[in-house]
Amino acid sequence: MDTPLFSASALLIALATAAYLTYAPHPPRRQPSFTARRARVVLCESAFASAFLLVPQVAEAVDGVTGHGGAGALLWALTSGLTILSMQLVTVSWWQPTIGVRRAVVAYIVFFCCVMAVLAWEFQYVRASSAELFSAPDVDGMEAAFVLTHLGFLDVMAITVSLQYILLACAAWRRWRVAAAGLAVAAVGCVLGLAYSVARTGITIAHLGGWAWPSFVETHFVPITGALAALLVAVGVTLPTVAKRLLLPRARSATNRAVKDTAVRRIALP
């Protein structure tokens, strides 16, 4: 079940990325929207990589090429972390004052780098394969610490980003339906990502405690939520840009009225 789900998700994310790169404008580097555009590109690329790495054969191939068990899981930790970090950076210029945007971006990046540094240190002592780290069968010691460190980071970040995107979608709904729709889709994806990380956290803790865990969660719930989370996040952040570029020209020709609100352009076009 894992292979077709994550392969299809990775393919659809690649198509969404291509559509975004085709229709997205290129704002000047000094504008806040340039940061949002770069964050969107990184988000789409990392979402594609994280979905691709969850394909068992791909993670196994990464382990074989590097000669170190768990290398695929480490690379997945990096790409999935980049995905949720980019979700924060996409919207940082919307809710932060202009003077605080750079400071907020630096703070998020430093926090992410600290978590990755801890994971890299723990990885030195990991002796399990990527397949074992993803399914958490009988992991203990440093392997369990490695898994729980990353899942804990995803849990916290997913809660924060989910609430942020839900609030932004509600705030934008009355005036900017296209932007709100994209934010809502991304929020659903983030909630599914939270469900994925929480389920995997529960599975890992259950294995450590020797408790029974429903097999349905590991065989169906985890792969479905993981694949849909990456896909919906990528689609959600590209939807406003693509839809705006496709629909606005028709709307302008029909009404002969240009969009003047810069807030709409910052939300829909970067």
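Cut-offs used in this document
- Just so you know, the residues in each chain are numbered from 1, in the order the chain's sequence is written.
- Side-chain atom pairs in this predicted model are given and counted only at pLDDT of 80 or more, local residue features only at pLDDT of at least 70, and totals for whole chains, interfaces and linings cover all residues.
- Side-chain metrics in this entry use all non-hydrogen atoms of the structure; hydrogen atoms and water are not considered.
- Helix and strand labels come from DSSP, where a helix needs a run of H or I of at least four residues and a strand needs a run of E of at least two; each type is numbered from the N terminus.
- Between buried and exposed lies partly exposed: a residue is buried under 20% and exposed over 50% of the maximum accessible area for its type, with that area taken using a 1.4 Å probe on protein chains only.
- In what follows, a contact means two residues having at least one pair of non-hydrogen atoms within 4.5 Å.
- What is meant by a nonpolar core is a set of buried Ala, Val, Leu, Ile, Met, Phe, Trp, Tyr and Cys residues, joined one to another through side-chain atoms within 4.5 Å.
- Two rings from Phe, Tyr or Trp (for Trp, the six-membered ring) form a pair when their centres are within 6.5 Å of each other. A pair whose planes differ by under 30 degrees is stacked, one over 60 is edge-to-face, and the rest are tilted.

A. Just the overall build of the protein chain, in detail. Tallying secondary structure elements over the protein chain gives ten helices and zero strands in all. Ordered by position in the sequence, the α and β elements of the protein chain form the string α-α-α-α-α-α-α-α-α-α. By residue count, 48% of the 270 residues in the protein chain fall in the buried class. Restricting to contacts in the protein chain with at least 6 residues of sequence separation, those with at least 24 account for 76%.

B. Spatial organisation of the nonpolar core. Core analysis: the largest hydrophobic core is formed by 57 residues, its most contacted members being Trp76, Ile84, Met87, Leu133, Phe146, Phe153 and Tyr165. At the level of secondary structure, the elements contributing two or more residues to this core comprise helix 2 (32-53), helix 3 (56-66), helix 4 (71-95), helix 5 (98-123), helix 6 (130-135), helix 7 (142-172), helix 8 (177-209) and helix 9 (215-255). If near-sequence neighbours (up to four positions away) are discounted, Ile84 is found in contact with Phe153, Leu154, Met157, Ala158, Val161 and Cys190. Ala10, Ile13, Leu231 and Ala234 belong to the second largest nonpolar core, which has seven residues in total.

C. Representation of the environment of Ala59. Looking at the element boundaries, Ala59 is found in helix 3. Sequence spacing of Ala59 and Ser130 is 71 residues, and the spatial spacing of their C-alpha atoms is 6.2 Å. The residues contacting Ala59, other than those within four sequence positions of it, are Leu53, Gly72, Ser130 and Phe134.

D. Quick look at the packing of aromatic side chains. Counted by the stated rule, this structure contains seven aromatic pairs. Ring centres of Trp76 and Phe134 lie 5.7 Å apart, and the angle between their planes is 85 degrees; on these two criteria the pair is classed as edge-to-face. A residue pair is termed long-range when its members are at least 10 positions apart, and Trp76 in helix 4 and Phe134 in helix 6 qualify at 58 residues. Looking at Trp76, the relative accessible area reads 5%, which means it is buried. Residue classification places Phe134 among the buried residues on the basis of a relative accessible area of 19%. Their ring planes at 45 degrees and their centres at 6.1 Å tell us that Phe123 and Phe146 sit as a pair that is tilted. Linking Phe123 in helix 5 with Phe146 in helix 7, this pair joins segments that are 23 residues apart in sequence. On the basis of relative accessible area, Phe146 is assigned to the buried category, the value being 3%.

Coordinates in, geometry out; function isn't part of it.
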